[in-house]
Amino acid sequence: MSAAGTFRALHHGRAPDDPLVLPGPWDAASARAFAEAGFPALATPSAGVAASLGYADGHTPADEMFAAVARIARAVDVPVSADVEGGYGLPARELVERLLEAGAVGCNLEDSEGGVLKDPHEHAERLAEVRAAAGDRLFVNARVDTFLRGVTDPDRAIERAALYVAAGADCVYPIGAPTEVLPLLRAGIEGPLNVLADPGGGPSSAALGELGATRITFGPRLQRRAAEALREMASRL
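So, a few notes on the structure that sits alongside this text. As the structure is a computational prediction, the values presented were derived from the model and not from experiment. (Residues numbered from 1 in each chain as written. Predicted model: local features only at pLDDT ≥ 70, side-chain atom pairs only at ≥ 80, totals over all residues. Heavy atoms only, no water.)

**Observations regarding the overall build of the protein**
Along its length, the protein carries 10 helices and 10 strands. Projected onto its principal axes, the C-alpha coordinates of the protein cover approximately 50 × 40 × 40 Å. Out of the 237 residues in the protein, the part that is buried amounts to 50%. Looking at the protein alone, contacts between residues at least 24 apart form 64% of all its contacts between residues at least 6 apart. Surface accessibility of the protein: about 10600 Å² in total, with carbon and sulfur atoms responsible for 52%. Charge separation in the protein, taken as the distance between the mean sites of 22 positive and 32 negative side-chain charges, equals 4 Å. (Helix = DSSP H or I, 4+ residues; strand = E, 2+ residues; numbered from the N terminus. Buried < 20%, exposed > 50% of the residue type's maximum accessible area, 1.4 Å probe, protein only. Contact = heavy atoms within 4.5 Å. Areas by Shrake-Rupley, 256 points an atom, 1.4 Å probe, with all protein chains shown as cover. Lys, Arg positive; Asp, Glu negative; His and termini not counted. Charge placed at Lys NZ, Arg CZ, Asp CG, Glu CD.)

**Remarks on the side chain of Thr-44**
Its place among the elements puts Thr-44 in strand E2 (residues 42–44). At 3.2 Å, the side chain of Thr-44 and the backbone nitrogen of Asp-83 are in polar contact. When neighbours within four sequence positions are excluded, Thr-44 is seen to be in contact with Pro-25, Val-49, Val-69, Ile-72, Val-80, Ser-81, Ala-82 and Asp-83. (Polar contact = N/O pair within 3.5 Å; in protein donor to acceptor, adjacent residues only side chain to side chain.)

**Observations regarding the packing of helix H3 (residues 46–53) against helix H4 (residues 62–75)**
Closest axis-to-axis distance for the H3/H4 pair is 11 Å, and the angle between their directions is 100°. As judged from the angle between their axes, H3 and H4 are roughly perpendicular. Taken together, the residues of H4 that come into contact with H3 (itself represented by Ser-46, Val-49 and Leu-53) are Glu-64, Met-65, Ala-68 and Arg-71. Residues of the contact of H3 with H4, tallied by class, amount to four nonpolar, one polar and two charged. (Axes fitted to C-alpha atoms, helices over the stretch in contact; angles between N-to-C directions. Parallel < 35°, antiparallel > 145°, perpendicular 65-115°, else oblique. Nonpolar A, V, L, I, M, F, W, Y, C, P; charged D, E, K, R; others polar.)

Here it is in structure tokens:
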């Protein structure tokens with residue numbers, strides 16, 4: 001089975017209390033730490049990688065992001081999915097080839113830009129182009145930014161999710177969805193559901209799985225906690 005196939009299989013046939021937990025490495029050293037801890041796959045956070053490179057979230061040049069993903073993927077033997085924000089304006093075929101060249105088995109693609117939600121039909125077309133270019137070589141995680149952009153009605157997220165799944169997305173990621181709406185999202189969304197978790201508090205991964213999460217990611221929160229630990233250590237020094 002290909003690396004992408006192995007990664008895809010991790011999302012299926014899971015018990016409700018056993019979601020796929022994907023830590024977010026921001027560099028090769030953190031990737032190795034997570035892999036050595038036994039996680040079966042990793043998912044880079046764009047904001048965490050940006051911070052490691054000295055950029056604000058959303059301001060990492062494409063070349064530097066792909067280079068960072070390549071260093072992370074090269075450092076470990078487990079599948080690595082990459083958050084590539086909105087795709088950096090690259091044509092679908094070029095985006096796919098650059099992800100594959102970096103060693104990624106999957107990607108996140110956002111449906112907002114500059115703080116504004118994209119037209120969902122246009123974004124679905126973009127996802128369909130990526131799927132056509134990638135075939136089964138990439139796992140496509142379609143981020144739904146409605147909750148992030150102040151649209152709190154879960155039906156709006158479900159509507160977007162349906163378009164993205166029909167376009168070929170393997171997984172849907174309603175980032176920032178409140179815990180209490182997860183059962184509604186689970187009931188209304190076909191296929192794997194990615195939920196953002198807080199490593200410092202909130203429901204456990206098992207509890208989020210019981211509420212409907214197929215996979216758990218942490219965005220840049222692990223990188224930020226590591227940075228805070230370093231600041232505390234530096235202060236003591």
